[in-house]
Amino acid sequence: QVQLVESGGGLVQAGGSLRLSCAASGTLFSLATMGWYRQAPGKQRDLVAQIARDGSRNYASSVLGRFIISGDSAKNTVYLQMNRLKPEDTAVYYCTAGTRRWSTDYWGQGTQVTVSS
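Presented here is a report on the structure given in the accompanying data block. Because the structure is a prediction, the values reported are computed rather than measured.

Quick look at the overall build of the protein now. Counting secondary structure elements, the protein contains zero helices and eleven strands. When the helices and strands of the protein are placed in sequence order, the string is β-β-β-β-β-β-β-β-β-β-β. Relative to a compact globule of 117 residues, whose C-alpha radius of gyration would be 13 Å, the protein shows 13 Å and is just as compact. For the C-alpha atoms alone, the extent of the protein along its principal axes is close to 40 × 25 × 25 Å. Expressed as a percentage of its 117 residues, the buried residues of the protein come to 42%. The long-range share in the protein, meaning contacts at least 24 apart out of those at least 6 apart in sequence, stands at 55%. When the accessible surface of the protein is totalled, it reaches about 6,100 Å², and 48% of it is carbon and sulfur. Averaging the locations of the 12 positively and 7 negatively charged side chains of the protein gives two centres separated by 3 Å.

Across the two faces of strand E11 (residues 111–116) the burial differs, with Thr111, Val113 and Val115 buried and Gln112, Thr114 and Ser116 not buried at all. Pairing geometry for strand E2 (residues 10–13) and E11, over four bridges, is parallel. The residue of E11 that forms the bridge with Gln13 is Ser116. Judged from the three bridges that link them, strand E9 (residues 91–98) and E11 form a sheet pairing that is antiparallel. Counterpart to Tyr93 in the pairing with E11 is Thr111.

Topologically, Glu6 is positioned in strand E1 (residues 2–7). In this structure, Glu6 is buried with no salt-bridge partner, the nearest side chain bearing the opposite charge being Arg45 at 7.9 Å. For Glu6, the side chain forms a polar contact with the main-chain nitrogen of Cys95, separated by 2.8 Å. At 3.1 Å, the side chain of Glu6 and the backbone nitrogen of Gln109 are in polar contact. Discounting chain neighbours no more than four positions away, the residues touching Glu6 are Ser21, Cys22, Trp36, Tyr93, Tyr94, Cys95, Gly108, Gln109, Gly110 and Thr111.

According to the stated counting rule, one finds one disulfide in the structure shown. Covalently, Cys22 is tied to Cys95 through a disulfide, its sulfur atoms 2.0 Å apart. Across the S-S bond linking Cys22 and Cys95, the dihedral sits near -85°, which makes this disulfide left-handed. Placement of the pair is Cys22 in strand E3 (residues 18–26) and Cys95 in strand E9, with a sequence separation of 73 residues. On the basis of relative accessibility, which here comes to 0%, the residue Cys22 falls in the buried class. Residue classification places Cys95 among the buried positions, given a relative accessible area of 0%.

Rules used in this analysis
Residues numbered from 1 in each chain as written. Predicted model: local features only at pLDDT ≥ 70, side-chain atom pairs only at ≥ 80, totals over all residues. Heavy atoms only, no water. Helix = DSSP H or I, 4+ residues; strand = E, 2+ residues; numbered from the N terminus. Rg over C-alpha atoms; globule rule 2.2 N^0.38 Å. Buried < 20%, exposed > 50% of the residue type's maximum accessible area, 1.4 Å probe, protein only. Contact = heavy atoms within 4.5 Å. Areas by Shrake-Rupley, 256 points an atom, 1.4 Å probe, with all protein chains shown as cover. Lys, Arg positive; Asp, Glu negative; His and termini not counted. Charge placed at Lys NZ, Arg CZ, Asp CG, Glu CD. Pairing = 2+ DSSP bridges. Salt bridge = Lys/Arg side-chain N within 4 Å of Asp/Glu carboxyl O. Polar contact = N/O pair within 3.5 Å; in protein donor to acceptor, adjacent residues only side chain to side chain. Disulfide = S-S within 2.5 Å.

Now the structure itself:
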């Protein structure tokens with residue numbers, strides 16, 4: 001089992017930045033991928049970004065060039081640096097982890113990000 005705990009959400013003005021963190025614990029050797037999804041009110045949960053064990057990254061087109069995903073293996077933590085935030089980035093952001101490349105087998109509880117115009 002893997003446990004994921006997100007932090008770093010909050011309220012920010014459009015054009016600002018936030019950094020989300022996700023600390024993983026448990027059976028970490030099995031993980032091949034970690035990442036972030038988001039869900040806005042009334043919408044489906046969508047991919048934001050993922051990072052594989054080999055460092056490969058996968059981004060949604062809507063965040064490419066603005067968001068950066070990175071990982072710190074020593075701290076078992078993955079980060080999402082969010083720059084030039086837009087009101088449409090407002091959502092609950094969920095950390096994910098998977099045992100296969102790009103899979104999502106485990107989910108965190110989510111952290112709210114609100115971008116005001």
